[in-house]
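# Architecture at a glance
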Amino acid sequence: MTETGMSRETARLNRRGFLGAAGLAGAGLATAATGVRAAPPATPDPLITDVQDWARVLGDGVQARPYGSPSQFEKHVVRRDVEWLTASRESSVNFTPLHELDGIITPSGLCFERHHGGIAEIDPSKHRLMINGLVDKPMVFTVEDLKRFPGRQNHAYFLECAANSGMEWRGAQLNGCQFTHGMVHNVWYTGIPLKTLLDEAGIRTNAKWLLAEGADSSGMTRSIPLDKGLKDCLVVWSMNGEALRPEQGYPVRLVVPGWEGNMWVKWLRRIEVGDQPWHQREETSKYTDLLADGRSRRFTFIMDAKSVVTNPSPQAPLKHKGPNVLTGLAWSGRGKIGRVDVSIDGGRNWRTARIDGPVLPMSLTRFYVDFDWNGQELMIQSRAIDETGYVQPTKDELRKVRGVNSIYHNNGIQTWLVRANGETENVEIG
Ligand code: MTE
Ligand code: CO
């Protein structure tokens, strides 16, 4: 294990051998017994008898923290990168600490970042958004103009990078859900439908595609079908109730619900209307999937249903026998999550997880299984089923169709091995 909590080792287990040895045959997911047994009070317990500093000394007043930040004891809850994986300013990525979070909203400061040319620090008074191409009236908007349009909307949507879980195509690799699944975040957006701006400019009848362009040094460009742009894309300036963070595209970004993160152009400066796609770098050599027969899947766009158990996981091992709470996240680019199943015996037996909190279309959805752990080894998996009936595939099922050349669009079922001492590892059942 390195400092970032990941290991490059590939752990592969023989399914029959493992299950036989572990004797999991009868291990169902028993409902947790009522009452978590706490330790009996030690006598004398200084944590109870002593007056702690925070009760003795006057604390900070309201002037001390004009913009709040987490407790000093939560310093470990941070985005992390993987040294050997594109941590340069030309192309960099870090990961959301999913195992430290609960509910469905990602705190703004913990949203993973993916930049192709670093963070653009934009003065909003100098930023413009242009609409050109096959329109009656090309237009240029200031950020203030955008905020004066009627029909403002609020939505929670997940954004998943197409490369999320990309390092796992050829076997288990990164040891932590932060690294295997942390290229996803879910925030509340406020903005206006892209359709409002397109209507203002007047789309010509032969228009079929849009090109979204960023103002950062990478000049990120992506072709988007006009139908999608008119259906539910948003131009947003706000996340989780406050201005977008610079990392997330301040002052304006494009939101493309349910579709691969690369299309959600940050620092949005131009939308061109055209009659065919532009075949930019990010939709030809990148974000395409090379199949076994040499052909490539292109313009796949939608992120299929996926899920992951965030606790327990390698960075969040099991620490206590008895009642425990297993939790995780599920999402689908095709709509709402219908059901989540959880297995603790490597996919032999499944139990329906309890979903709590809102189940919103194209948003992260939180699930729980309250269970009793008696110290036996577990092979934990989760499987998402969305409202269209699509079932999250196993990694081997995916490989049968897609081969092993891919990096992108890996929504296969994840397995965590929980050892008898509670330590948890990224493995694959072979
Ligand atoms: N937009 C611009 N202008 N520049 C970029 O580098 N990266 C894209 C997309 N939009 C990118 C961009 C990629 S690959 C992803 S996954 C998402 O933004 C990441 O969004 P985030 O940084 O808010 O997580
Ligand atoms: Co991406």
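Refer to the structure presented above.
These remarks concern the structure in this document.

### Overview of the site of ligand 1
Taken together, 22 residues sit near ligand 1, with F112, H116, D216, R253 and K266 positioned nearest. A distance of 3.1 Å separates an oxygen atom of ligand 1 from a polar atom in the backbone of R114. Protein coverage of the free-state accessible area of ligand 1, which is 530 Å², stands at 100%. Counted by class, the shell around ligand 1 contains eight nonpolar, eight polar and six charged residues.

### Digging into the pattern of salt bridges
For the structure shown, the criterion picks out 29 salt bridges. Salt-bridge contacts for R399 lead to E428; the nearest nitrogen and oxygen are separated by 2.7 Å. One end of the pair, R399, is in helix α8 (residues 395–402); the other, E428, is in strand β24 (residues 424–429), with 29 residues separating them in the sequence. You'll find R399 and E428 in the same group, each marked buried. Here the residues in one salt-bridge network are E213, R269, R270 and E272, joined through shared partners.

### Notes on the packing of aromatic side chains
Within the structure shown, the criterion is met by eight aromatic pairs. Seen in terms of ring centroids, Y189 and W264 are 5.9 Å apart; in terms of plane orientation they differ by 55 degrees. Their pairing is tilted. With Y189 in strand β7 (residues 184–193) and W264 in the loop between β12 (253–255) and β13 (268–274), this residue pair connects regions lying 75 residues apart in the sequence. Assigned by exposure class, Y189 and W264 land together as buried. On the basis of an interplanar angle of 5 degrees and a centroid distance of 4.7 Å, the ring pair of W259 and F301 is categorised as stacked. With W259 in the loop between β12 and β13 and F301 in the loop between β15 (296–297) and β16 (306–311), the pair connects residues that are 42 residues apart, well separated along the chain. The exposure class assigned to W259 is buried, which follows from its relative accessible area of 12%. Pairwise contacts between aromatic rings join W209, W259, F299 and F301 into one cluster. The cationic tip of R298 hangs over the ring face of F299; the distance from NZ or CZ to the ring centre is 4.6 Å. Positioned above the aromatic ring of W350 is the side chain of R383, whose terminal nitrogen or guanidinium carbon lies 4.1 Å from the ring centre.

Scoring rules and cut-offs
- Residues numbered from 1 in each chain as written.
- Chains lettered and ligands numbered in written order.
- Predicted model: local features only at pLDDT ≥ 70, side-chain atom pairs only at ≥ 80, totals over all residues.
- Heavy atoms only, no water.
- Near = heavy atom within 4 Å.
- Polar contact = N/O pair within 3.5 Å; in protein donor to acceptor, adjacent residues only side chain to side chain.
- Areas by Shrake-Rupley, 256 points an atom, 1.4 Å probe, with all protein chains shown as cover.
- Nonpolar A, V, L, I, M, F, W, Y, C, P; charged D, E, K, R; others polar.
- Salt bridge = Lys/Arg side-chain N within 4 Å of Asp/Glu carboxyl O.
- Helix = DSSP H or I, 4+ residues; strand = E, 2+ residues; numbered from the N terminus.
- Buried < 20%, exposed > 50% of the residue type's maximum accessible area, 1.4 Å probe, protein only.
- Phe/Tyr/Trp six-rings, centres within 6.5 Å; stacked < 30°, edge-to-face > 60°.
- Lys NZ or Arg CZ within 6 Å of the ring centre and 35° of its normal.

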